[in-house]
2 protein chains.
Amino acid sequence: MESAIDEHLKCPRTRHRRVEDDYVPPYPVWSARAPVAVRQVVMGYFGVQSRGAEMQGRACAALMKIAQDFALPDGPGHHDLTHYVDAQGFDNMIAIAYWSDPAAYARWCATPAVDAWWRSDERLTEGLGYFREIASPRVEHFETMFNTPDRFEGVGVVMGGVSGELQEHGYWGSMRDRIPLSQTDAMAPSGSRAVIAGAPAPGQRVRIAGHENVAMIRSGQEWTDTTGQERTLYLQDMEPVLREGMDFLRDQGLGIGCYSNRYMRHLDAQGAPLQKSFGLSYWRSLADMERWAESHPTHVAIFGSFMRYVQALNFQLQLRVYHEVSVLKADEQSYEYINCHAGSGLMNGLAPSA
Amino acid sequence: MESAIDEHLKCPRTRHRRVEDDYVPPYPVWSARAPVAVRQVVMGYFGVQSRGAEMQGRACAALMKIAQDFALPDGPGHHDLTHYVDAQGFDNMIAIAYWSDPAAYARWCATPAVDAWWRSDERLTEGLGYFREIASPRVEHFETMFNTPDRFEGVGVVMGGVSGELQEHGYWGSMRDRIPLSQTDAMAPSGSRAVIAGAPAPGQRVRIAGHENVAMIRSGQEWTDTTGQERTLYLQDMEPVLREGMDFLRDQGLGIGCYSNRYMRHLDAQGAPLQKSFGLSYWRSLADMERWAESHPTHVAIFGSFMRYVQALNFQLQLRVYHEVSVLKADEQSYEYINCHAGSGLMNGLAPSA
């Protein structure tokens, strides 16, 4: 068993973990490990927003264009295609791409074919919305967790390695304890989001600045391999409660520090849904996320039913679960919304009428 | 809003709380407050153990004798009469008494009528078991919490005062954060329980020494004033889950660090059950208690259903809940078992056959 904090990221502590050194977690989980040379990663969410079935074809074509650009030099090491319908009834398809080298991302992003397309005023008048939410946490600022040591998702895929079984999990607060920065920093937020270009509304190109220590989580599950009782447990017992929690965050999250929540489904390259989903949310702080997770009835119920679930199945799960959590410095965030509705992503709650 | 840690018990921290200074709990709770002159309290559990209906009368008479002695000079400021049936099928009636002055307790305990009765060899041959479990935490070593600022229970009654609304509650880890010692100490356990007189078996007078930082909790609820939906919610939804958790700790607690658990019902002076109950348990450490509370499906379910419950009732509860939690130094514990079965209280698991 080892710490979630990789050897080269350990430092003298000024803050304690929530558990003692003899703590033994109830079941195994793993983290992705990156080579020491990896100092920062990039998580790019490239979205297309549309409304109604008649726009679906154009939106899909735009998503394909974005995904094709990933094949250009310095493109991402991994990407997913995903979809959800937001609270305003818009379809949002997002190509999520990961780089283990921010310089490569910067070069890719500056590729004329990519850069010109995103900067073009045509994007404002095609009847579609587009957005880029780019998080680029340094390795001290994020953690990953998987309940299997293989077939990683998300940033784990581009990190390239896997830890041994982790000690810091299975207790509230373990998420924080897995982030290297928690050794010395409470990761308290400061400042506030700001509209730094445009105005949150359709027809606008809007840039949002994130403040210090915005927390971001992608927390997912894949039920492809589940069968019988386990599949029933997931689909009939856990998923409805999970959805209830996701809906709460989407609709009422702002009041508790959740800027944006999307409950997304993976798509295959043809746009058909896969048996994989995840919640993607941005928070004012890791503490706000912790407080919700620990006290909101839906999340407590999710946690309780998961603990029951893994014990009922004697820890032999076919359900795959994982998450990646980042606490982002202001300079690790970049948000751009092009012809999107005012409730989109990090704009949520920033329009004057909101 | 104020800290659970009373002003005169605050000290420069070497360890952080789990929440930031701007944390706002979801509903109000209060702590009992004692005058500055109170430096240590005594929680005395005086038990009578019997088996079968035919011994019930004698057991009740013994309990009454114990309770009558509380009226002697230097007796406790408050006491409860309680009952439960243990895993071995024995009835256990316990008179629980509280002193806010350990010197008064010592004088009371040394009163010839009290001292001689407990020391008499007759106690070994009456067909009943007797026990004394005495916890005497210094004020830095325990905390209390009540969901109403009136009608306190347990040690709160003898402390005499009440705090304002507390900040440290409603999150996992708040129990630890309410204990003054947590400002500077992880409260890790050391040493182990030891049989220091007799041998755990009927017919024996057994003394058990507790080790450093044994954690003890009395966590109770009163449903007397509940009506309608709330009463149904408690009795049909919460109580069965609570009982399931209590049974788990009683029967399988040792494996996770729970030395003893009793799910007890209050009795009135005539021995009739009141609508008040509590769990009383002793643990190897506060961390072990935390781990169980946070991960065992029954307790997570209790917590989740309580959060749902208070929100469904818009925080207007008639259900009264409270707890008192102590982390006991070795010198703050004294355990004596007289003609009790080997699974009783802190003897649990210490008999050679166990």
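Check the entry above for the structure.
What counts and how
- Residues numbered from 1 in each chain as written.
- Chains lettered and ligands numbered in written order.
- Predicted model: local features only at pLDDT ≥ 70, side-chain atom pairs only at ≥ 80, totals over all residues.
- Heavy atoms only, no water.
- Helix = DSSP H or I, 4+ residues; strand = E, 2+ residues; numbered from the N terminus.
- Rg over C-alpha atoms; globule rule 2.2 N^0.38 Å.
- Buried < 20%, exposed > 50% of the residue type's maximum accessible area, 1.4 Å probe, protein only.
- Contact = heavy atoms within 4.5 Å.
- Areas by Shrake-Rupley, 256 points an atom, 1.4 Å probe, with all protein chains shown as cover.
- Lys, Arg positive; Asp, Glu negative; His and termini not counted.
- Charge placed at Lys NZ, Arg CZ, Asp CG, Glu CD.
- Core = buried A, V, L, I, M, F, W, Y, C linked by side-chain atoms within 4.5 Å.
- Axes fitted to C-alpha atoms, helices over the stretch in contact; angles between N-to-C directions.
- Parallel < 35°, antiparallel > 145°, perpendicular 65-115°, else oblique.
- Left-handed = near helix turned anticlockwise from the far one by under 90°.
- Nonpolar A, V, L, I, M, F, W, Y, C, P; charged D, E, K, R; others polar.
- Least-squares fit on C-alpha atoms with pLDDT ≥ 70 in both.
- Polar contact = N/O pair within 3.5 Å; in protein donor to acceptor, adjacent residues only side chain to side chain.
- Pairing = 2+ DSSP bridges.
- Buried area = accessible area lost by both parts, 1.4 Å probe.
- Salt bridge = Lys/Arg side-chain N within 4 Å of Asp/Glu carboxyl O.

A count of helices and strands for chain A gives 8 helices and 14 strands. The C-alpha radius of gyration computed for chain A amounts to 20 Å, which stays within 12% of the reference 20 Å derived for 354 residues, consistent with globular compactness. Across its three principal directions, the C-alpha atoms of chain A cover 60 × 45 × 40 Å. By the burial criterion, 60% of the 354 residues in chain A qualify as buried. Looking at chain A alone, contacts between residues at least 24 apart form 78% of all its contacts between residues at least 6 apart. A total of about 13,300 Å² of accessible surface is found on chain A, and carbon and sulfur atoms cover 53% of it. Charged side chains of chain A number 33 positive and 43 negative; the gap between the two group centres comes to 3 Å.

One finds L286 and Y309 of chain A together with L286 and Y309 of chain B to be the most contacted residues of the largest nonpolar core, which totals 80 residues. In this structure Y309 of chain B touches E230, L233, Y234, M238, L317 and L319 of chain B, once residues within four positions along its chain are discounted.

Further remarks concern the packing of helix α8 (residues 297–312) of chain A against helix α8 (residues 297–312) of chain B. For the pair α8 of chain A and α8 of chain B, the least separation of the axes is 9 Å and the interaxial angle reads 160 degrees. As judged from the angle between their axes, α8 of chain A and α8 of chain B are roughly antiparallel. For the crossing formed where α8 of chain A meets α8 of chain B, the hand is left-handed. Contacts between α8 of chain A and α8 of chain B involve P297, V300, F303, G304, M307, R308 and Q311 of chain A from the first element and P297, V300, F303, G304, M307, R308 and Q311 of chain B from the second. Across the contact of α8 of chain A with α8 of chain B, the residue classes tally to 8 nonpolar, 4 polar and 2 charged.

Moving on, we come to the relation of the copies chain A and chain B. With an axial shift of 0.0 Å and an RMSD of 0.0 Å, the rotation relating chain A to chain B amounts to 180 degrees. What we have between these two chains is a two-fold relation. By residue overlap, the copies meet face to face through one surface: 100% of the interface positions of chain A are interface positions in chain B.

All names here are of chain B. As for its position among the elements, R17 is in the segment before β1 (32–33). Apart from residues no more than four positions distant in its own chain, R17 is found in contact with Q167, E168 and D177. Of the polar contacts made by the side chain of R17, one reaches the side chain of D21; its length is 3.4 Å.

Residues and elements named next belong to chain B. Taken in spatial order, the 12 strands of this open sheet run β6-β13-β10-β12-β11-β3-β4-β2-β5-β14-β9-β8, and their pairing is antiparallel. Each of the sheet's edge strands pairs with one partner strand only, and the pair in question is β6 (142–146) and β8 (194–197). When the angles between neighbouring strand axes are averaged without regard to direction, this sheet yields 20 degrees. Helix α3 (residues 112–119) contacts β2 (42–50), β5 (129–135), β9 (205–209) and β14 (333–338) of the sheet and is inclined by roughly 125 degrees relative to β5. In the packing of helix α7 (residues 286–295) onto the sheet, the strands contacted are β10 (214–222), β12 (273–283) and β13 (320–328), and the crossing angle to β10 comes to about 45 degrees.

Quick look at the sheet that holds strand β2 (residues 42–50) of chain A now. All names here are of chain A. Spatially, 12 strands are ordered β6-β13-β10-β12-β11-β3-β4-β2-β5-β14-β9-β8 in an open sheet, and the strand pairing comes out antiparallel. The outermost strands of the open sheet, each flanked by one partner alone, are β6 (142–146) and β8 (194–197). Adjacent strand axes in the sheet meet at a mean angle of 20 degrees, parallel and antiparallel pairs treated alike. Where β8 and strand β9 (residues 205–209) come together, 3 bridges link them in antiparallel fashion. Bridge pairing in β9 links A197 to R207. Against the sheet, helix α3 (residues 112–119) makes contact with β2, β5 (129–135), β9 and β14 (333–338), and its axis sits at roughly 125 degrees relative to β5, the strand it touches most. Against the sheet, helix α6 (residues 228–252) contacts β3 (78–85), β10 (214–222), β11 (258–267) and β12 (273–283), and its axis sits at roughly 145 degrees relative to β11.

What follows is about helix α7 (residues 286–295) of chain A. Burial analysis of α7 of chain A places 10 of its 10 residues in the buried class, which makes it a mostly covered element. Within α7 of chain A, burial applies to L286, A287, D288, M289, E290, R291, W292, A293, E294 and S295 of chain A.

Attention shifts here to the interface of chain A and chain B. At the junction of the two partners, chain A supplies 27 residues and chain B supplies 27 residues. Note on chain A versus chain B: buried area summed over both sides is about 2,500 Å², and carbon and sulfur give 51% of it. Three residues stand out in chain A for area buried against chain B, namely H16, R18 and R291 of chain A, and they jointly supply 26% of the buried area on that side. R18 of chain A is the partner of E294 of chain B in a salt bridge, and the nearest nitrogen-oxygen pair spans 2.7 Å. Counting the contacts that link chain A with chain B gives 8 residue pairs in polar contact (both at pLDDT 80 or more). Listed by contribution, the elements that provide at least two residues to the side of chain A that touches chain B are α7 and α8 of chain A. The element best represented in the side of chain A that touches chain B is α8 of chain A, accounting for 7 residues.

Glancing now at the pattern of salt bridges. Residues and elements named next belong to chain A. Taken as a whole, this structure holds 68 salt bridges over all chains when the rule is applied. Notably, a salt bridge pairs R123 with E126, separated by 2.7 Å at the nearest N-O pair. A relative accessible area of 22% means that E126 is categorised as partly exposed.

On to the packing of helix α2 (residues 102–110) of chain A against α3 of chain A, then. All names here are of chain A. Two numbers describe how α2 lies on α3: the axes approach to 5 Å, and their chain directions differ by 65 degrees. It follows that α2 is roughly perpendicular to α3 by the angle criterion. For the pair α2 and α3, the contacting residues are W108, C109 and A110 in the first and P112, V114 and D115 in the second. Here the residues of the contact of α2 with α3 are counted per class, giving 5 nonpolar, no polar and 1 charged.

This paragraph deals with the environment of Y234 of chain B. Residues and elements named next belong to chain B. Mapping Y234 onto the fold places it in helix α6 (residues 228–252). We classify Y234 as buried; its relative accessible area is 2%. Taking the C-alpha atoms as reference points, Y234 and Q221, 13 residues apart in sequence, are found 9.9 Å from one another. Leave out the neighbours within four places in its chain, and Y234 touches Q221, W223, E239, P240, L242, Y263, S277, Y309 and L319.

Glancing now at unusual backbone geometry. Residue and element names in this part refer to chain B. Look at R151: it is not a glycine, yet its phi comes out positive at around 45 degrees. In this fold, R151 is placed in the loop between β6 and α4 (155–159). Assessed through its relative accessible area of 46%, R151 is described here as partly exposed. The backbone of N213 shows a phi angle near 70 degrees, a positive value even though the residue is not glycine. Position of N213 relative to the elements: it lies in the loop between β9 and β10.

The subject of this paragraph is the environment of D22 of chain A. With respect to the secondary-structure elements, D22 of chain A resides in the segment before β1 (32–33). Considered as a pair, D22 of chain A and Q167 of chain A are 145 residues apart in the sequence and their alpha carbons are 9.3 Å apart. Those residues within four positions of D22 of chain A in sequence are excluded, and the remaining contacts are Q167 of chain A together with R284 of chain B. In terms of polar contacts, D22 of chain A uses its side chain to reach the side chain of R284 of chain B, at 3.5 Å.

Turning our eyes to something else, we now look at the pairing of β11 of chain A. Working note: regular strand, side chains alternate between the two faces of the sheet. Residue and element names in this part refer to chain A. Most of β11 sits out of view: 9 of its 10 residues are buried. Sheet topology note: the β3/β11 ladder contains 3 bridges and is antiparallel. If you follow H83 over to β11, its bridge partner there is R265. In this structure, β11 lies alongside β12, joined through 8 bridges in antiparallel fashion. Directly across from C258, in β12, lies its bridge partner W283. Taking the residues that link successive antiparallel strands as the turn, the β11-β12 hairpin has 5 residues, and the phi of G271 there is positive, at about 90 degrees.

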